[in-house]
Amino acid sequence: MTTDRLFVYGTLMRGFDHPMARLLAAHADFLSEATCRGRLLLIKHYPGLLLSDAPSDRVHGELFHLRAGDELLRELDMYEACGEGFPEPTEYLRQLIDVMLPDGTSGKAWTYVYNWPVTGLPIIESGRFLDH
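So, a few notes on the structure that sits alongside this text.

Cut-offs and rules
Residues numbered from 1 in each chain as written. Predicted model: local features only at pLDDT ≥ 70, side-chain atom pairs only at ≥ 80, totals over all residues. Heavy atoms only, no water. Helix = DSSP H or I, 4+ residues; strand = E, 2+ residues; numbered from the N terminus. Rg over C-alpha atoms; globule rule 2.2 N^0.38 Å. Contact = heavy atoms within 4.5 Å. Areas by Shrake-Rupley, 256 points an atom, 1.4 Å probe, with all protein chains shown as cover. Lys, Arg positive; Asp, Glu negative; His and termini not counted. Charge placed at Lys NZ, Arg CZ, Asp CG, Glu CD. Axes fitted to C-alpha atoms, helices over the stretch in contact; angles between N-to-C directions. Parallel < 35°, antiparallel > 145°, perpendicular 65-115°, else oblique. Nonpolar A, V, L, I, M, F, W, Y, C, P; charged D, E, K, R; others polar. Salt bridge = Lys/Arg side-chain N within 4 Å of Asp/Glu carboxyl O. Phe/Tyr/Trp six-rings, centres within 6.5 Å; stacked < 30°, edge-to-face > 60°. Buried < 20%, exposed > 50% of the residue type's maximum accessible area, 1.4 Å probe, protein only. Lys NZ or Arg CZ within 6 Å of the ring centre and 35° of its normal.

1. Some details on the overall build of the chain
If you tally the helices and strands in the chain, you get two helices and seven strands. The helix and strand sequence of the chain, counted from the amino end, reads β-α-β-β-β-α-β-β-β. Its C-alpha radius of gyration of 14 Å places the chain within 12% of the 14 Å reference for a compact globule of 132 residues. Residue pairs at least 24 apart in sequence account for 69% of intrachain contacts in the chain once pairs closer than 6 positions are excluded. A total of about 7300 Å² of accessible surface is found on the chain, and carbon and sulfur atoms cover 53% of it. Looking at the chain, you have 12 positive and 19 negative side-chain charges, and the mean spots of the two groups are 3 Å apart.

2. What to know about the packing of helix 1 (residues 19-27) against helix 2 (residues 69-79)
Relative orientation of the contacting elements helix 1 and helix 2 amounts to 170 degrees, with a least axis distance of 11 Å. In terms of orientation, helix 1 and helix 2 fall into the roughly antiparallel class. Judged by residue contacts, M20, L23, L24 and H27 of helix 1 engage L72, E75, L76 and Y79 from helix 2. Its residues assigned to classes, the contact of helix 1 with helix 2 shows six nonpolar, one polar and one charged.

3. Topic: the pattern of salt bridges
Under the definition given, this model contains seven salt bridges. For D29, the salt bridge identified is with R67, shortest N-O distance 3.0 Å. Here R67 lies in the loop between strand 4 (58-66) and helix 2 and D29 lies in strand 2 (residues 28-42), a separation of 38 residues in the sequence. Here R94 and D77 are joined by a salt bridge, their closest N and O atoms 2.8 Å apart.

4. As for the packing of aromatic side chains
Following the criterion strictly, the structure yields four aromatic pairs and no others. Their ring planes at 25 degrees and their centres at 5.8 Å tell us that F16 and F129 sit as a pair that is stacked. Highlighted residues: F16 in the loop between strand 1 (5-8) and helix 1 and F129 in the segment after strand 7 (123-124), separated in sequence by 113 residues. Judged by its relative accessible area of 24%, F16 falls in the partly exposed class. Taking the relative accessible area as the measure of exposure, F129 reaches 3% and is therefore buried. When the centroid spacing of 5.4 Å and the interplanar angle of 80 degrees are considered together, the rings of Y92 and Y114 count as edge-to-face. Linking Y92 in strand 5 (residues 92-100) with Y114 in strand 6 (residues 106-114), this pair joins segments that are 22 residues apart in sequence. As far as burial versus exposure is concerned, Y92 and Y114 are alike and both buried. One cation-aromatic arrangement involves R14 over F30; the distance from NZ or CZ to the ring centre is 3.5 Å. The ring centre of W110 lies 4.6 Å from the NZ or CZ of R94, which sits over that ring.

5. Some points on the environment of L51
Structurally, L51 is set in strand 3 (residues 47-51). For L51, the residues in contact, after removing those within four places along its chain, are R37, G38, Q95, I97 and V113.

Right, dumping it as structure tokens:
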């Protein structure tokens, strides 16, 4: 593992009554709100992140410090059905991305990037899952 930070932008954020959000809250420390360059799509009742190079494309989420990083990431990989043992192409890929904090500093964090076709999926224009 090259970082112990995780950027979340959907059902893993604080305030969601979801078993995996509770698992993350129990084993990670909230650091800050954060953004990344990307576009947010509404897949079903959950979002998907597509990375972008356009400065105007921003996805808003939260940055966490993982206390037991490798172990927690394995659990989250199972939840996101990606990684070893899942048929390709998986719906999500865990990738190391650049995130920006409100104070203008940036750094690396893991996140889950959507990996299936997106034709016809609605874009969450605000980049905030809670706005949809």
